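# An overview of the molecular structure
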Amino acid sequence: MLTASKTSFKIKQIVPDFKDKILSSSSLNSRSRDMFGLRCLPGECVLQRAVLVKKKLWEAGGDSSLVGTLFCTHFRVAFLPEDSRVAEDSSDPVLLGEHDIALASIEKVVAVGPSRTKIVTPNSSLKFIPEELILYCRDLRVIRFQFDRLTPETQATEITCAIAKTYQPLKPGALFLFQTAALGSVEMKQFLSNRQRDPQMNWFEGARDWERELERTGATSWRVTAVNDRFEMATSLPRFNVVPQKILDTELKKTFAHFSEGRIPRWCWHHPLGSDLLRMASFQNNIYHEKDDIRNLEAMLFGRQQQCVVVDLGEDMPVPLDVQLAHTRLRALCLGDISASITVPDEKWLSALEGTHWLDHIKACLRKSTEVACLLRDGHLTVILQEPDDRDLNCVVSSLVQLMCDPHSRTLLGFQSLVQKEWVVAGHRFLSRFNYQKDSDKEESPVFLLFLDCVWQLWAQYSSHFEFTGDYLLALHDSAHLPLFTTFLSNCQRERSRRSQHLSQSYTPVKGWREPSPESADPLLPSVWDWELQYGPPRLARFRHPVGSLPRPGAVPNGSLRHPSPQRPSEGGCAGQGSVFLLSRGSLTSPSHLLPWRGGGGPGASRKSHRRAPSSESLLKPWAKPEPGPGQGPLLPLLLGPCVQVWRACYLRGALQAQARQPTPSGHPVDQLATEVQQLQEQLNRAAGVRRLDRPGKRVDTRRPDPSPGLHRGSNNCTFLFSGHRAPGPGDPRCNPAPPLIHPRPSRDSKRTFLFSHPGVANGGLGAAEQRYAPPPTARKPRNSDHSLYS
């Protein structure tokens, strides 16, 4: 092992200046291969290297390592194993290899010596020879490199200092330097300009894209308007929006002023049974409402329906500040205190996880989305998602509702189109929420990462209903931390379109009109959906489900399912024409101040009724609708007990590496909890089998659903709004079951009400063979023995 040295190494004395190094390498071949075999990107140059370096790998059976060469360029930290296959020079470049780390994703650089650990910064000095290099990444990865005894001491020190000096510094202009280092060369710009978009994906950037979505979902009485083509009505809204057909553009222009930031009610999605999903910002109450304006506003709210439910997301949902605080606590819990290597004791880890409230926010988003999905099943409603600015939680809930209800959104291309429609084009503030430039700390909030976690929860419980895999979601999570994609580097379509256009001439009083210089132009940024640019074929092969295939996106359009829409039972006449209800905190009310123009009792005032407004429980009763047909039933998630899991592949992949005490993976408290839950479930199954044997002459079929509708009352005096039958077991090839739900045993006098039971029920659409991800008869069933609670 290397011994400590008394020599003090200054970073400025070892590493050449960043700009000088780039300029000195500009004359080299842009596609040259390093002498050690590293294939560089066009214009990429190697700053430092170290040989005989071991990269630590953490696997289920223990830790292992790879031996290779470690490189530091002005774009990435690359590791090239000794036995790696050399890529052909004629193949297209890939930004990051399997063992590469982008400099912009590095958060801390830690050097470990014989007797001390030090965080290395651009202005710090090393007074010891590092034996280990630890890279803490913003995407919760922890990468460890160990220097061999035969590694030259100067190489170990110089590459540590080079990484500390060149990784993304928090200062203005650093983001532009990083993008230029990766994509700013002439060859790379030419390569990116020649890449074509996937024609099968809907980008929602033109009027034809929205018309295709209206046709796919079978939505009638709606049209695409270009009234905001120049972003004059609302700067944060897209160019094209979907509004009712009976409203002309001249009348539509008058309605923008009645909503915050001009974000009017817009159509998002159409349910096969006839309901429509809309989203909007809050009302401007200080504006006078004329009679013509009231008529247009109500036409936009109701569409072609007679009833409207406004879903308020500002009361019982987390605000962006809460999401940021919870995510910060989750990072600290998973990675520990980087500076002091302080970790949470194992016996307090689960309570600390609960204290982050991250899982609580996930449950809140899934619960609200489930309520909206059940409301849309009624078939005669317009459900409107309302948020003060319509740019954060509306994106989350609207996307989750479509994932639950629309099989097309659960395909890979359909999911990417969904993100384009409800996030990118809809005006989510990606640039401010991710805070790449570290200039808007007050607006930073990983709302999109919260959404990805919610999607993973659905995928974990219904993985056979999704075409994409957990590895795909993890890749999208990691790409969001890399400021290289135009998808995440703007706050709205207006900013994104300006960035993609060529810079115009600039005028100064002294020099007059000037053409922009090529050196000052921003590099051409690709879309995050260009996966072939980011990853190689082995990683891309893990993005799709390995067995079977879902129907083609155009094979079973959402709107082609034509079934009769039975009337919901009358609620005493209070649900008449023009009725507006508010869904807030799990209940439906009809407040008089919900619509500002109706509060004063003028011409547009709502009819008064002495009966109670229908509650959300009455709208969610299963007897109000028949059993959903194939492709219609929503995927209702389990929200009780340990059903909302920890995304272990994302959050805990760097936890073990970050521990000062490095326990084996099997000793992590999450694994211990999963083992205990599995053991308890086995005991309950054995006990249930004994009870069945005590009842001779009556055989209970736990897999056959009860055809009788209505409320289902369990043996422990619990009431379920949905049937609580068992899901298919692990041997059933039709489904990959979610972890079982363990219900607490109440006392005889107590009553508990559960909204949901096991995900394998028939009324959730799980009996639809068209949606299942079943293997063909000739295919071999993949071996999957992991039935633990956390995956």
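One numbering rule holds for all chains: residues counted from 1, following each sequence as written. Only residues with pLDDT of 70 or above have their local features reported here, since the model is predicted, and side-chain atom pairs are shown and tallied only from 80 upward, although totals for entire chains, interfaces and linings are computed over all residues. With hydrogens and water stripped out, all remaining heavy atoms of the structure feed into the side-chain values.

### Let's talk about the pairing of strand β19 (residues 579-584)
- Throughout, exposure labels follow a simple rule: accessible area from a 1.4 Å probe, protein chains only, divided by the maximum for the residue type, with under 20% read as buried, over 50% as exposed, and the rest as partly exposed. Numbering of helices and strands runs from the N terminus, with a helix taken as a DSSP run of H or I at least four residues long and a strand as a DSSP run of E at least two residues long. Counting buried residues in β19 gives 6 out of 6 residues, a clear majority hidden from the surface.
- The alternating pattern of β19 places Ser 579, Phe 581 and Leu 583 and Val 580, Leu 582 and Ser 584 on opposite faces, both of which are buried.
- In this analysis, strands are considered paired if DSSP registers two or more bridges between them. Both strand β15 (residues 307-312) and β19 contribute to a ladder of 5 bridges, which runs parallel. Bridge assignment links Val 311 to a residue of β19, and that residue is Leu 583.
- Alignment of β19 against strand β20 (residues 587-589), held across 3 bridges, turns out to be antiparallel. Bridged to Leu 583 within β20 is Leu 588.

### Observations concerning a nonpolar patch on the surface
- Nonpolar side chains (Val, Leu, Ile, Met, Phe, Trp, Tyr) within 5 Å and like charges within 9 Å form the patches, drawn only from residues with over 30% relative accessible area and no salt bridge. A 1.4 Å probe and the Shrake-Rupley method give the accessible areas. Residues count as covered only by the protein chains that appear here. Salt bridge, as used here, is a side-chain nitrogen of Lys or Arg placed within 4 Å of a carboxyl oxygen of Asp or Glu. Together, Leu 52, Val 67 and Leu 150 line one region of the surface with nonpolar side chains, adding up to about 250 Å² of accessible area.
- Within the secondary structure, Leu 150 sits in the loop between β10 (142-147) and α3 (153-166).
- For Leu 150, a relative accessible area of 66% gives the class exposed.

### Digging into the sheet that holds β20
- Taken together, 6 strands build an open sheet; the order of strands is β13-β14-β16-β15-β19-β20 and the sheet is mixed. Of all the strands in the sheet, the pair left with one neighbour each is β13 (266-270) and β20. Mean inter-strand twist for the sheet, computed between neighbouring axes without regard to direction, equals 25°.
- Most of the contacts of helix α12 (residues 393-405) go to strand β14 (residues 276-280), to which it runs at about 170°, and overall it touches β13, β14 and β16 (382-386). Helix axes are fitted only over the stretch in contact, all axes being lines through C-alpha atoms; the angle between N-to-C directions runs from 0 to 180 degrees. Residue contacts are defined here by distance: any two heavy atoms, one from each residue, within 4.5 Å place the two residues in contact.

### So, the pattern of salt bridges
- The full count for this structure, using the stated rule, is 34 salt bridges.
- Between Lys 421 and Glu 213 there is a salt bridge, and its shortest N-O distance comes to 3.3 Å. Placement of the pair is Lys 421 in helix α13 (residues 412-424) and Glu 213 in helix α6 (residues 207-217), with a sequence separation of 208 residues.
- What makes Lys 421 buried here is its relative accessible area of 4%.
- Counted as one network, the salt bridges with shared partners bring together Glu 213, Arg 216, Arg 263, Arg 266, Arg 279, Asp 390, Asp 406, Lys 421 and Glu 422.

### A short note on the side chain of His 327
- As for its position among the elements, His 327 is in helix α9 (residues 320-335).
- Look at His 327 and you get buried, because its relative accessible area is 8%.
- Those residues within four positions of His 327 in sequence are excluded, and the remaining contacts are Trp 358, Pro 446 and Leu 449.

### Remarks on the pairing of β10
- For β10, the tally of buried residues reaches 5 of 6 residues, placing the bulk of the element in the interior.
- Note that strand β9 (residues 132-137) and β10 share 5 bridges and pair antiparallel. Residue pairing in the sheet places Glu 132 in a bridge with Gln 146 of β10.
- Hairpin connection from β9 to β10: 4 residues lie between these consecutive antiparallel strands, with Leu 140 at a positive phi of about 75°.

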